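Coordinate inspection notes
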Amino acid sequence: MDFFNKLGEKAGEAYESVKNSDVTKKAVNYASIPSLSIQIGQQEAEIKRQYEIIGAAVFAAEGNDENHDCAEQFEAIKVAQKKIEELRAKIEEKKNAGGDQTKEAPTTKICPDCGKELGEESLFCSKCGHKFNDIVVVDAQDVTEE
Ligand SMILES: [Zn+2]
């Protein structure tokens, strides 16, 4: 499982500046950006729902001295807003770490002898015939930047 360990280390470096528990790191590594966006949408829908409850309570209290206590809704909105912030931060981290590695970035390795870019499954270099013992893993973004 060297391949996955190296991917993990690589991702870990990018997240070092951010306080992350192991659980958060796993979520960052394995949740894709589209699924994070969906979760943000769900939280935004939840906030709207709470606003409606508050609005209805305020309207119901119109014209009388009844106390419309919306503390529960305020709390739910704050929780949802915090989750959205966290989800957005995760998306940023993934972007900074080279995009959605779990889905999009194809993993390749570079021949140490001739520099040819090869598929991660390659056992031999197709250009110079180098046999791979150590697996050198890079992601596609590193390759294009060189
Ligand atoms: Zn080669």
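The paragraphs below set out a description of the structure included in this document. (Residues numbered from 1 in each chain as written. Predicted model: local features only at pLDDT ≥ 70, side-chain atom pairs only at ≥ 80, totals over all residues. Heavy atoms only, no water.)

1. Here we look at the coordination of the zinc ion
Basically, it comes down to this: Shown as donors are all N, O and S atoms within 2.8 Å of a metal ion, widened to 3.2 Å for Na, K and Ca; because water is not in the atom set, sites may appear incomplete. Site shape is set this way: if four donors have all angles between 85 and 135 degrees, tetrahedral; if opposite donors are over 155 degrees apart and all others between 65 and 115, square planar for four donors and octahedral for six; otherwise irregular. Numbered from the N terminus, helices here are DSSP runs of H or I no shorter than four residues, and strands are runs of E no shorter than two. Using a 1.4 Å probe on the protein chains alone, a residue whose accessible area is under 20% of its type maximum counts as buried, one over 50% counts as exposed, and one in between counts as partly exposed.
The protein atoms donating to the zinc ion are Cys-111 (SG), Cys-114 (SG), Cys-125 (SG) and Cys-128 (SG), with metal-donor distances spanning 2.2 to 2.3 Å. Coordination at the zinc ion is tetrahedral: its 4 donor atoms span angles of 101 to 120° at the metal. Motif for the zinc ion, donor spacing along one chain: C-x2-C-x10-C-x2-C. Separated by 11 residues along the polypeptide, Cys-114 in the loop between strand E1 (107-110) and strand E2 (117-119) and Cys-125 in the loop between E2 and strand E3 (138-139) bring together distant segments of the chain. The partly exposed category is assigned to Cys-114, whose relative accessible area is 29%.

2. With respect to the packing of aromatic side chains
Worth spelling out the cut-off: Aromatic contacts are taken between Phe, Tyr and Trp rings whose centres are within 6.5 Å, Trp giving its six-membered ring; a plane angle under 30 degrees counts as stacked, one over 60 as edge-to-face, and the others as tilted. By the criterion adopted, a ring carries a charge over it if an Arg CZ or a Lys NZ lies within 6 Å of its centre and within 35 degrees of its normal.
The tally for this structure, following the rule as stated, stands at 0 aromatic pairs. Its guanidinium or amino end placed over the ring of Phe-132, Lys-109 lies 4.3 Å from that ring's centre, counting from NZ or CZ.

3. Some details on helix H3 (residues 33-60)
Quick note on the threshold: An expected span of 1.5 Å times one less than the residue number is assigned to each helix. Whether two residues are in contact is decided by their heavy atoms, any of which lying within 4.5 Å being enough.
With 28 residues, H3 extends 41 Å between its outermost C-alpha atoms, agreeing within 8% with the 40 Å of an ideal straight helix rising 1.5 Å per residue. Every buried residue of H3 is accounted for by Ile-33, Leu-36, Ile-40, Gln-43, Ile-47, Gln-50 and Ile-54. On its buried face, H3 is in contact with helix H4 (71-96).

From the geometry alone we can't say anything about function, so treat these as descriptive.
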